[in-house]
Amino acid sequence: MTTVVTDNCRGCRFTDCVAVCPVECFHYDDEMLYIDPEVCIDCSACIPECPVQAIFEEDDLPEDKRNWVKINAEKAPELPACSESMEPLPGAEARKAELGF
Amino acid sequence: MAQVGTEHNPLYVAIVGSGPSGFYAAEALIRSERTVKIDLFERLPVPFGLVRSGVAPDHPKLKQAIQVYEKIAEAPQFNFIGNVSIGRDISVEELARHYHAVIFTCGAESDRKLGIPGENLAGSHTATEFVGWYNGHPDYRDRHFDLSHETAVIIGQGNVAADVGRILSKTVDELRHTDIAGHALEVLAESKIRRIYIVGRRGPAQAKFTSKELKEFGELSVCGAVVEPAELQLNDASRIELEDKTNAGSRKVFELLSEFATSTSRDKQRQCHFTFLKSPVELQGRSRVEKIIFEKNRLQGEPFNQSAVGIGETFELEAGLLFRSIGYRGKSLTGLPFDDKRGVFPNRDGHITDTQGQLLPQFYTAGWIKRGPTGIIGTNRADSVATVECLLQDLARLDSSETKQGAAAVYVILNSKKVRPISFSDWKKIDNEEISRGQPLGKPREKITSIQECLRIVEKSG
Ligand SMILES: Cc1cc2nc3c(=O)[nH]c(=O)nc-3n(C[C@H](O)[C@H](O)[C@H](O)COP(=O)(O)OP(=O)(O)OC[C@H]3O[C@@H](n4cnc5c(N)ncnc54)[C@H](O)[C@@H]3O)c2cc1C
Ligand SMILES: NC(=O)c1ccc[n+]([C@@H]2O[C@H](COP(=O)([O-])OP(=O)(O)OC[C@H]3O[C@@H](n4cnc5c(N)ncnc54)[C@H](OP(=O)(O)O)[C@@H]3O)[C@@H](O)[C@H]2O)c1
Ligand code: SF4
Ligand code: SF4
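The model shown is predicted, which means the values in this text are computed figures rather than measured ones.

Peer 1: Provide a residue-level description of the packing of aromatic side chains, including the pertinent values.
Peer 2: Residues and elements named next belong to chain B. Scanning the model with the defined rule gives 23 aromatic pairs over all chains in all. On the numbers, 6.2 Å between centres and 35 degrees between planes, the contact of Phe 145 with Phe 323 is tilted. With Phe 145 in the loop between α5 (127–134) and β7 (151–155) and Phe 323 in strand β14 (residues 321–324), this pair connects stretches of sequence that are 178 residues apart. Here Phe 145 and Phe 323 have matching classes, each one buried.

Set out below in structure tokens:
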């Protein structure tokens, strides 16, 4: 079991999730965030914080998002860690509205 | 004199309580651009607060948060002073004298009361005591729990109630290889409990469990989860609550309860029943709890703001054991104002105020004693960061001419009172001893539950 960020985070990167992560396992690129499954303790603190419901426990992933388990595991360790909240990407609010939140 | 928080005039901060909020406050200070000297006080000889003594023994992954705290403890600005109780060994006034600022992160160590007749009968306990006991907290090691009855009742439907219910539902084989206290394992091995009732005063849409915790009840080896289908009927307001897009958590909880209602797990040796809309009104029994009288409730109010009101009908359960798990509660501390209603230190954004709302210089707070007893480990990180931001903004107002001595002054006081402070490297000795005692038992550690024994271990190894 692990916890994964999915494509809803893309282009938005609100980092509300990062502020409550007890172990700093979020990593980021220009587009979005990824969780390092080796470090994540599956506490679920980040899940309700995400304003666009991008984060799932592995068991709760919709079928069409299962590929994100692998993407998180591969990307996270190679990217810089995100330990404090960052500015959302430009256009984040619009993207949030577009996703219906 | 240089500004406080610079190389020639470091900012001395005392933090009181070594749970998550204490460590995250230390981390935020270390990461700031200021020159800081941090002393983290803990009343026990062992650190980590409820991560050690609250988080359930069968949830070891969550305890990996401790690795983060160990890293923080390595920072040169950080110093641990364990076995020192603020208010008893060192006063709040003394901290104010020797530090520029004090952050109180002492958690919520007491509990809420039901306030009903019979609450103090033998066999009626708090979840706080039971959790402390099975997790080897020194304050609770000598408690006795009589598990020779067949029925146990837990009042409250939060994650703590789930922890208590799960520990009672598991076999000792399911717990043997965890860091559960040895004394608890012995008593649980003799448990006769077959029926557990986890009782909510509101309905299934308002249960406070998180789905991950509830789900475990469907996966236990000898215990089945039971819900009466009729109890899952919802009123309109609850239906609106569950349909709300932002309420995915409660929706998942409700789905799980619905699964329990249709499952066939009733043939298992033990059953854990989830029942709703009932408030205990009296505990009856001659010398100990024998029967619990509930009043049935209905919900009243707007969606997300519904409360339980009694409908005058009663419901009875014969049970020999009751745990109230209706929330922890903060304790007051001599020298600080206390909001008795909420059980917290009154504060504005983490800056402690008097009861009239006037800011008190030097005093800050974070974690459960700031917000009240809710939120998980990570919640305290954002909270401590906010408090430290508030503290750093106030720095300009500090008197930079007054020099502080921090730990040097504190050690003198402790020495005069014959209190032996525990450093972080002392704790590592206790830690190693616990790990090696656990090894032959196949446990990650066997906790040392006596403060005297902790001190002996530290002394022995010099
Ligand atoms: C039973 C239980 C299980 C939990 N399980 C989980 C879980 O699985 N996952 C999760 O994410 N969260 C869990 N939580 C929540 C989590 O433990 C809390 O959010 C967190 O511990 C609160 O942190 P804190 O630092 O405010 O308080 P605490 O962790 O309570 O730390 C307070 C510390 O202050 C010390 N102290 C108190 N008074 C003084 C004094 N006068 N002088 C010096 N030191 C003092 C105490 O000894 C203690 O070490 C659980 C909570 C409970 C009660
Ligand atoms: N695994 C985990 O992640 C984990 C484990 C343990 C604890 N925690 C966290 O620690 C925090 C504390 O947990 P908790 O379980 O102590 O608190 P909680 O989640 O606030 O639950 C308290 C429960 O007690 C009930 N209650 C309160 N007063 C009552 C009364 N007078 N009569 C009957 N019922 C009453 C509440 O019902 P109402 O809703 O009607 O008020 C609620 O069901 C929570 O944030 C929890 O998530 C997390
Ligand atoms: S809160 Fe959600 S959208 Fe924002 S960074 Fe985290 S996962 Fe991405
Ligand atoms: S589940 Fe917990 S540990 Fe994992 S990423 Fe989310 S907040 Fe961090």
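Peer 1: Provide a residue-level description of the domain arrangement of chain B, including the pertinent values.
Peer 2: Residue and element names in this part refer to chain B. The domain architecture assigned to chain B consists of domain 1 (11–109 + 329–422) and domain 2 (113–326). The centre of domain 1, based on its C-alpha atoms, is set 33 Å off from the matching centre of domain 2. On the domain 2 side, the residues contacting the 12 residues of domain 1 number 19 residues. Contact between domain 1 and domain 2 buries roughly 1200 Å² in total, counting both sides, with carbon and sulfur atoms accounting for 47%. At the boundary of domain 1 and domain 2, one finds four salt bridges. Across the pair Asp 58 and Arg 166 runs a salt bridge, and its minimum N-O distance is 2.8 Å. Between the two partners, domain 1 and domain 2, sit nine residue pairs in polar contact (both at pLDDT 80 or more). Tallied by class, residues from the side of domain 1 that touches domain 2 come to four nonpolar, three polar and five charged.

Peer 1: Give me the lowdown on the site of ligand 1, citing residues and values where you can.
Peer 2: Residues and elements named next belong to chain B. In the vicinity of ligand 1 there are 30 residues, among which Ser 21, Glu 42, Leu 50, Trp 368 and Gly 375 approach most closely. Trp 368 has a polar backbone atom sitting 2.9 Å from an oxygen atom of ligand 1. Within the complex, 94% of the 1000 Å² of free accessible area of ligand 1 lies under protein. Counting residues per element, the ones that place at least two in the shell around ligand 1 are α1 (20–31), α2 (49–53) and α6 (159–169). Its residues placed into classes, the shell around ligand 1 shows 14 nonpolar, 12 polar and four charged. Shared between two domains, the shell around ligand 1 holds at least three residues of each, these being domain 1 (11–109 + 329–422) and domain 2 (113–326).

Peer 1: Please give an account of the site of ligand 4 that cites residues and values.
Peer 2: In the vicinity of ligand 4 there are 14 residues, among which Cys 21, Cys 40, Cys 43, Ser 44 and Cys 46 of chain A approach most closely. Counted by class, the shell around ligand 4 contains 11 nonpolar, two polar and one charged residues.

Basis of the calculations
- Each chain carries its own residue numbering, running from 1 in the direction its sequence is written.
- Key to labels: chains lettered from A, ligands numbered from 1, both in the order written.
- A pLDDT threshold of at least 70 governs which residues receive local features in this predicted model, and a stricter bar of 80 or more applies before side-chain atom pairs are shown or counted, although totals over entire chains, interfaces and linings include all residues.
- For side-chain calculations, the full set of non-hydrogen atoms in the structure is used, while hydrogens and water are omitted.
- Aromatic contacts are taken between Phe, Tyr and Trp rings whose centres are within 6.5 Å, Trp giving its six-membered ring; a plane angle under 30 degrees counts as stacked, one over 60 as edge-to-face, and the others as tilted.
- The secondary structure listing takes helices from DSSP runs of H or I that are at least 4 residues long and strands from runs of E that are at least 2 residues long, numbered from the N terminus.
- With a 1.4 Å probe rolled over the protein chains alone, any residue whose accessible area is under 20% of its type maximum counts as buried; one over 50% counts as exposed, and the rest are partly exposed.
- Per the annotation, domain bounds derive from an automatic or database assignment of domains.
- Residue contacts are defined here by distance: any two heavy atoms, one from each residue, within 4.5 Å place the two residues in contact.
- Once two parts are put together, the accessible area they lose, assessed with a 1.4 Å probe and summed over both, is termed the buried area.
- Any carboxyl oxygen of Asp or Glu that lies within 4 Å of a side-chain nitrogen of Lys or Arg is treated as forming a salt bridge with it.
- N or O atoms within 3.5 Å of each other form a polar contact, as long as, within protein, one can give a hydrogen and the other can take it, and as long as residues adjacent in sequence are counted only when both atoms are side-chain atoms.
- In the scheme used here, Gly and all other residues not listed as nonpolar or charged are polar, with Ala, Val, Leu, Ile, Met, Phe, Trp, Tyr, Cys and Pro taken as nonpolar and Asp, Glu, Lys and Arg as charged.
- The criterion for a residue being near a molecule or strand is simple. One of its heavy atoms has to lie within 4 Å of it.
- Surface exposure here means Shrake-Rupley accessible area, sampled with a 1.4 Å probe, where a residue is shielded only by the protein chains that are shown.

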